[in-house]
Amino acid sequence: MFLKKVIVFAVFSLFLSACSYSPNNTIVNNESADLSSDDKLSKPLDLMLDVKNDPNIKYDNSHLLAKQKSKTYIDLNSDIAKSLQIDNVIINTNSDWSTIVLKNNAKADELIEDFRSSGLFDIVDFDYIYESDAFESKDASDNSKSLGVEEAINLDEAYEYMSTHGGTPGGDSSVVIAVLDTGVDYEHPDLKGNIWVNSDEIPNNGIDDDNNGYVDDVMGWNCVGNNNDPMDDNGHGTHVAGIIGAENNDIGTTGIAYNCTIMPVKCGNSSNTFNNSDIAEGIRYAYMNGADIISMSIGGSSISLEVQEALEDAYTTSFLVAAAGNDSAQNQFRYPGYDVIRTYPASFSFVCGVMSCNATYNESWFTNFDTYPNNSNEYEIYAPGEAVYSTYPDNRYTSLNGTSMATPVVSAVAALIRSMHPDKEMYPTKYLFSQIANTSANMVWPYHPIKEVDEYGYCVDAYAALAKSSIPNVKVYDRYTFDDKEFSPNNNGDGTINSGETIRMGIDFINVGGALTNTKVTIDTFRDDEH
């Protein structure tokens, strides 16, 4: 969740002991990681975790990702290039990152430290690999509706609101949703009318007409094959695209944002695996070519700095949505017996992380879940991800389960909001974020360990996201107490508030709701609670 933090510093003379407050923001899966306050990596992940021996983390051992200290050409025949076993250096499009291809039999994990000590590079990182794990549903009948998705997110009410408030049900074609996935079957009869067309590019003339770095990218890009054909060779991406934007044409199924535009960006191969380098390129391609929403039904327990930087750049113009994953794992340690897996990029505070529930607001057994609400390691919202019926390659349809299916539901709701509020200066990305994460009243009942009721999550509500205003929701995030002797001769500097001491206190507040103005903070030492 996008967290607005307010820090208040004050000086107090205290003559009563005060209770302590420990925020629930312990880092577990990455407990040795050097993370900033919004949970971003400050250096490559392998310098913080033992990624080489973690069976859950995979990377491509044939090459490395790197930022050169300068744009100078690396002579492949030089002694240093030979010692590093560099076969080729590929400058990544619209980026200051490069892919360093190694010679045959050379291994990235054996050479990465040599690269870092060579003096040629500012950053050297692994190219991590994700796998998407949506799975076939056995519950849905072969018809044109998913099991209750429309009802669960109050879609009819949302369409009615749009109709009566100057909008169009199904959204507006000017709103572009980039589907970063295994590609999209752009010839599917339920999708082809809603596929993005790059009007600044002349088809098949072999020229980059719009100077965006890509030749003949008329309907998206294939980052895996480095070509202009983003056709789906797996099925996953086509299914995701249909949930968002299948046409309202009396055949097959109908997407939630059926008037909006789908930008196919192929980042995964036929076996449903995704290299971080391809994901980073896909993110850059999407936001640089006008995507309003970037939908990513992908993720893993590792991430390269190249992807993180691409996401940060995209956030200024594009609403970012990603799947929490299907490992039935907690994102931070709280419950013994459950794995701890932090899924990237869903856990970033500036990416909307999506968990799965069914149409009656019961948490899916397979979904990864959020253990502590409203901190920097956060999955924000649930959406229906069970037995979701959608398009599939070769004019087919099928039902799938997974957070991969829940993610495009949220992406489509975001597209409806953007259709109603196209002015990005007045309604920036964080407005969409707050409307989706903070307006629903559809509480999700946990399948995983029972939480406190005020910690339950909510299923996205399309109507509420459009019609309601997200109210401010301010919480204490952290506090700092300083009782150094320089503040008072009565202080002992032990970090504990003792009777007679004069202390300095800093308090972090986070606003996880709507816009907040005229904030007034009252602090006392009399209430016997932990805040």
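Please refer to the structure placed before this passage.
Scope of this entry: the structure provided in the associated data block. Since the structure is predicted, the reported quantities are computational estimates derived from the model, not experimental observations.

Residue position: D127 is located in the loop between β6 (121-125) and β7 (128-131). The buried charged residue D127 lacks any salt bridge partner; its closest oppositely charged side chain belongs to R284, at an N-O distance of 10 Å. A distance of 3.2 Å separates the side chain of D127 from the side chain of N275, its partner in a polar contact. Within polar-contact distance, the side chain of D127 engages the side chain of S277 at 2.6 Å. Those residues in contact with D127, other than ones at most four positions away along the chain, are Y59, D60, H63, L65, N275, N276 and S277.

With that out of the way, let us pick up the sheet that holds strand β3 (residues 63-68). Spatially, the 4 strands line up as an open sheet ordered β4-β5-β3-β6, and their pairing is antiparallel. Strands at the two margins of the open sheet, each flanked by one partner only, are β4 (86-91) and β6. For this sheet the average axis-to-axis angle between neighbouring strands, irrespective of direction, equals 30°. Where β4 and strand β5 (residues 97-102) come together, 5 bridges link them in antiparallel fashion. Paired with N88 across the bridge in β5 is V101. Each of β3, β5 and β6 is contacted by helix α7 (residues 305-315), which is oriented at about 160° to β5, the strand it contacts most.

Within the element layout of this structure, Y159 appears in helix α4 (residues 155-164). Among the residues examined, Y159 registers a relative accessible area of 14% and is labelled buried. Between the C-alpha atom of Y159 and that of P169, which follows or precedes it by 10 residues, the distance is 4.6 Å. Leaving out residues up to four positions away in the same chain, Y159 has contacts with P169, G170, G255, I256, Y258 and L416.

What counts and how
- Residues numbered from 1 in each chain as written.
- Predicted model: local features only at pLDDT ≥ 70, side-chain atom pairs only at ≥ 80, totals over all residues.
- Heavy atoms only, no water.
- Helix = DSSP H or I, 4+ residues; strand = E, 2+ residues; numbered from the N terminus.
- Buried < 20%, exposed > 50% of the residue type's maximum accessible area, 1.4 Å probe, protein only.
- Lys, Arg positive; Asp, Glu negative; His and termini not counted.
- Salt bridge = Lys/Arg side-chain N within 4 Å of Asp/Glu carboxyl O.
- Polar contact = N/O pair within 3.5 Å; in protein donor to acceptor, adjacent residues only side chain to side chain.
- Contact = heavy atoms within 4.5 Å.
- Pairing = 2+ DSSP bridges.
- Axes fitted to C-alpha atoms, helices over the stretch in contact; angles between N-to-C directions.

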